[in-house]
Amino acid sequence: ALEKLLAQAPDNAAVWLLKLGADARDMKQDAARDDLRKAAAAKLYDDYTGTSLKALASSIGVLPPPADTFDPAAKAGAVGMQTMLVYGIASTQPQPTLQLLAKLCENAAEDASIKADCVKLGKTLEWGSSPLARSLGLHLREVLAEDPAQQEEAKAARRNLIWQVQSFAQLLARAQEEPALAQHLLALARNGGTEMSLLLAALRDGNIPVDAPAGWEPHKAG
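Residues numbered from 1 in each chain as written. Predicted model: local features only at pLDDT ≥ 70, side-chain atom pairs only at ≥ 80, totals over all residues. Heavy atoms only, no water.

*Asks:* Which residues make up helix 2 (residues 13-25), and what values go with them?
*Replies:* With 13 residues, helix 2 extends 18 Å between its outermost C-alpha atoms, agreeing within 8% with the 18 Å of an ideal straight helix rising 1.5 Å per residue. Counted residue by residue, helix 2 has ten buried out of 13 residues, so it is predominantly covered. Those residues of helix 2 not exposed but buried are Ala-13, Ala-14, Val-15, Trp-16, Leu-17, Lys-19, Leu-20, Gly-21, Ala-22 and Asp-23. A side-chain oxygen of the first residue of helix 2 lies 3.0 Å from the backbone nitrogen of Ala-14; this N-cap is Asn-12. (Helix = DSSP H or I, 4+ residues; strand = E, 2+ residues; numbered from the N terminus. Expected span 1.5 Å × (residues − 1). Buried < 20%, exposed > 50% of the residue type's maximum accessible area, 1.4 Å probe, protein only. Polar contact = N/O pair within 3.5 Å; in protein donor to acceptor, adjacent residues only side chain to side chain.)

*Asks:* Tell me about the state of the cysteines, and please be specific about residues and values.
*Replies:* Working definition: the covalent bond between the sulfur atoms of two cysteines is a disulfide. In total, this model carries one disulfide according to the counting rule given. Each sulfur of the disulfide joining Cys-105 and Cys-118 lies 2.1 Å from the other. Across the disulfide from Cys-105 to Cys-118, rotation about the S-S bond amounts to roughly -80°, and the bridge is consequently left-handed. Of the two residues, Cys-105 is situated in helix 6 (residues 98-106) and Cys-118 in helix 7 (residues 112-126); the sequence distance between them amounts to 13 residues. For Cys-105, a relative accessible area of 0% corresponds to the buried category. Taking the relative accessible area as the measure of exposure, Cys-118 reaches 0% and is therefore buried. (Disulfide = S-S within 2.5 Å.)

*Asks:* Tell me about the pattern of salt bridges, and please be specific about residues and values.
*Replies:* All told, the structure shown has ten salt bridges when counted by the stated rule. Taking the shortest distance from any N to any O, the salt bridge between Arg-33 and Asp-117 comes out at 2.9 Å. Within this pair, whereas Arg-33 is found in helix 3 (residues 29-41), its partner Asp-117 is found in helix 7, the two being separated by 84 residues in sequence. We classify Arg-33 as buried; its relative accessible area is 18%. Given the relative accessible area of 14%, Asp-117 is considered buried. Note that Lys-115 and Glu-146 form a salt bridge whose closest N and O atoms lie 3.7 Å from each other. You can see Lys-115 sitting in helix 7 and its partner Glu-146 sitting in the loop between helix 8 (131-144) and helix 9 (148-173), a full 31 residues away along the chain. What makes Lys-115 partly exposed here is its relative accessible area of 23%. In the salt-bridge network here, residues are joined through shared partners; they are Lys-19, Asp-23 and Asp-35. (Salt bridge = Lys/Arg side-chain N within 4 Å of Asp/Glu carboxyl O.)

*Asks:* Talk me through the packing of aromatic side chains; I want residue IDs and the actual numbers.
*Replies:* The final tally for this structure, using the stated rule, is two aromatic pairs. Taking the centre distance of 5.4 Å and the plane angle of 75° together, the rings of Trp-163 and Trp-216 count as edge-to-face. Note that Trp-163 is positioned in helix 9 and Trp-216 in the segment after helix 11 (195-205), a separation of 53 residues in sequence. (Phe/Tyr/Trp six-rings, centres within 6.5 Å; stacked < 30°, edge-to-face > 60°.)

*Asks:* An account of the nonpolar core is requested, with residue identities and associated values reported.
*Replies:* Counting residues in hydrophobic clusters, the biggest one holds 31 residues, and the most contacted among them are Leu-53, Val-86, Tyr-87, Phe-168, Leu-185 and Leu-198. Elements with a contribution of two residues or more to this core: helix 4 (49-59), helix 5 (77-90), helix 9, helix 10 (179-191) and helix 11. For this core, the element with the highest residue contribution is helix 9, accounting for seven residues. Excluding its chain neighbours within four sequence positions, the residues that come into contact with Val-86 are Leu-53, Leu-56, Ala-57, Ile-60 and Leu-186. In this structure, Ala-14, Leu-20, Ala-40 and Cys-105 belong to the second largest nonpolar core, which totals 27 residues. (Core = buried A, V, L, I, M, F, W, Y, C linked by side-chain atoms within 4.5 Å. Contact = heavy atoms within 4.5 Å.)

*Asks:* Quick one: what's the story with the environment of Ala-212, residue by residue and with numbers?
*Replies:* Along the chain, the position of Ala-212 falls in the segment after helix 11. Measuring from C-alpha to C-alpha, the distance between Ala-212 and Leu-161 comes to 8.4 Å, with 51 residues separating the pair along the chain. Discounting residues that sit within four places of it in the chain, Ala-212 has contacts with Arg-159, Asn-160 and Trp-163.

*Asks:* Can you break down helix 7 residue by residue, with the values?
*Replies:* Spanning 15 residues, helix 7 covers 21 Å between terminal C-alpha atoms, matching the ideal 21 Å at 1.5 Å per step. Those residues of helix 7 that sit buried are Ile-114, Asp-117, Cys-118, Leu-121, Gly-122, Thr-124, Leu-125 and Glu-126.

Any functional reading would require information that these geometric values do not contain.
Put into structure tokens, the structure is as follows:
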């Protein structure tokens, strides 16, 4: 499957990061280094979660969920459970080894070529398809950028990202009690896009600001 992905989507950094993880596990250091170089040269990062969400949301209504899989007292009923299933299943699909990449890049201070590839790849990740990719891209800028202003900008953007992810999680949790919200979240998934674009659209449609309130910090959320 990986070989097919590499042939079909050589401009997708996510595919090369999957290969990097496989090569790192097999102790193929030279191959892993080449994977990083190719990921940095890629034009985009897409882990296909948005595609999975579209496919799941488009097929979930074919059969109703079994009655014993949801609380009949929940106001959203079957559609609420369908929404939770779509987003829950999509979140479990295999992901590129971003943790491994983070460690590799954080330890790249002594190797100028690796650092340059990490900086370049970080910029692509900042515009990636998922919150996880964007988070890592911003983290790499905060760690590797030489300009303090760039570091602070990345830190502020990452704070907003955490706010967005937590706000979306709270929105999704309401879906079992709000039929209209559940239907809307399913409709967004059916329309396609990336996980990140879907998240931002859901927040905007719910009149939830995409920037964290002044003074808000992740550890104070709740």
